[in-house]
Amino acid sequence: MGIAYAAFASNLTITGSGSVSSNWCIGFDSTRTNDYQATAGKQGGTTPTGSMSFDGQVCSNNYKTNASLNASFIQPGDKIEYTLTIGNKGTLAAAIESINVDNQSVTSDTTITKGNIKYIIEMPETTSLAVNATTTMKVTAMFQNDTEVTSSTNEQQSISISINAVQDDGNGGFTPTPTSFTGTIYRWNTTRLANKGSSAA
């Protein structure tokens, strides 16, 4: 009796591919051009005028990287409060790492005075920006209330604020790499329009 042996062999082949498709997009909501409140410094006085505009890189839909804020004041006490909406429209969790005012780092609400114009910069409501999340921050420009108006000379002041966002590493820290860093910058000019004569503060 013969014994037969059968040999079985199998070849298993695994093929696969992987890809990474990430999008970094932190910017200002450029549709919100009316998110400011102007208040006259004197009862019955002329309300100051302001504007908001956005430009720079368009990273997603209506989100842009630059915002310009402008204000024209008439009398002491005039002020305009702007609300900026910052959104994460990319695919990576992000966080606001730092804020600079005129190239100086600030970590809390800050007031800066230039000439007769006072600027108040409030920190964002939150520094964490999950995908599709937004946060807001407020900035105010004000014609100082204790200014005595004595001539029609115009005064122009400006300030620059940089908001730096980085990729959030998920552990409460940051991973600031060149591919995950963006700078969002806005600057505004204010003009004091003082009428001839004298006005008590």
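Residues numbered from 1 in each chain as written. Predicted model: local features only at pLDDT ≥ 70, side-chain atom pairs only at ≥ 80, totals over all residues. Heavy atoms only, no water.

**Some words on the overall build of the chain**
(1) Moving on: For the chain, the count of helices and strands is zero helices and 14 strands.
(2) Moving on: Start at the N end of the chain and walk to the C end: the helices and strands fall as β-β-β-β-β-β-β-β-β-β-β-β-β-β.
(3) Moving on: Taken across its 201 residues, the chain has 38% of its residues classed as buried.
(4) Moving on: In the chain, the proportion of contacts linking residues at least 24 apart, taken out of those at least 6 apart, comes to 74%.
(5) Moving on: Put simply, the chain shows about 11,300 Å² of open surface, and 44% of that area lies on carbon and sulfur atoms. (Helix = DSSP H or I, 4+ residues; strand = E, 2+ residues; numbered from the N terminus. Buried < 20%, exposed > 50% of the residue type's maximum accessible area, 1.4 Å probe, protein only. Contact = heavy atoms within 4.5 Å. Areas by Shrake-Rupley, 256 points an atom, 1.4 Å probe, with all protein chains shown as cover.)

**Considering the pairing of strand 9 (residues 117-121)**
(1) Moving on: A one-sided burial pattern is seen for strand 9, the buried positions being Ile117, Tyr119 and Ile121 and the unburied ones Lys118 and Ile120.
(2) Moving on: Relative to strand 9, strand 8 (residues 110-114) is paired through five bridges, and the arrangement is antiparallel. When the bridges of strand 9 are listed, isoleucine 112 appears paired with tyrosine 119.
(3) Moving on: Taken together, the five bridges between strand 9 and strand 11 (residues 134-143) define a ladder with antiparallel strand orientation. Across the sheet, residue isoleucine 117 finds its bridge partner in strand 11, namely phenylalanine 143. (Pairing = 2+ DSSP bridges.)

**Description of the pattern of salt bridges**
(1) Moving on: For the structure on display, the rule yields three salt bridges.
(2) Moving on: The closest approach of N and O atoms between lysine 138 and glutamate 81, which form a salt bridge, is 3.9 Å. In this pair, lysine 138 is assigned in strand 11 and glutamate 81 in strand 5 (residues 79-88), connecting sequence segments 57 residues apart.
(3) Moving on: Its relative accessible area of 33% is what places lysine 138 among the partly exposed residues.
(4) Moving on: Given the relative accessible area of 29%, glutamate 81 is considered partly exposed. (Salt bridge = Lys/Arg side-chain N within 4 Å of Asp/Glu carboxyl O.)

**Thoughts on the side chain of glutamine 75**
(1) Moving on: On the secondary structure map, glutamine 75 appears in the loop between strand 4 (63-73) and strand 5.
(2) Moving on: Given the relative accessible area of 11%, glutamine 75 is considered buried.
(3) Moving on: Residues in contact with glutamine 75, not counting those within four places in the same chain, are Ala40, Gly41, Lys42, Gly45, Thr46 and Phe143.

**What to know about the nonpolar core**
(1) Moving on: Counting 31 residues, the largest nonpolar core has Leu84, Ile86, Ile121 and Met137 as its most contacted members.
(2) Moving on: Elements with a contribution of two residues or more to this core: strand 1 (26-29), strand 3 (49-60), strand 4, strand 5, strand 6 (94-101), strand 9, strand 11 and strand 12 (155-168). (Core = buried A, V, L, I, M, F, W, Y, C linked by side-chain atoms within 4.5 Å.)

**Regarding the confidence of the model for the chain**
(1) Moving on: In the predicted model, the chain carries a mean pLDDT of 77, and 71% of its residues have values of at least 70.
(2) Moving on: Taken element by element, the predicted model of the chain shows its lowest mean pLDDT in strand 14 (residues 182-192) (43) and its highest in strand 2 (residues 36-39) (96).
(3) Moving on: Every residue in residues 174-189 scores below 50 in pLDDT, and together they form 72 contacts with partners more than four places removed in sequence or on other chains.
(4) Moving on: For the stretch residues 195-201, pLDDT sits under 50, and the model shows 18 contacts to residues farther than four places along the chain or on other chains. (pLDDT = per-residue confidence, 0-100.)

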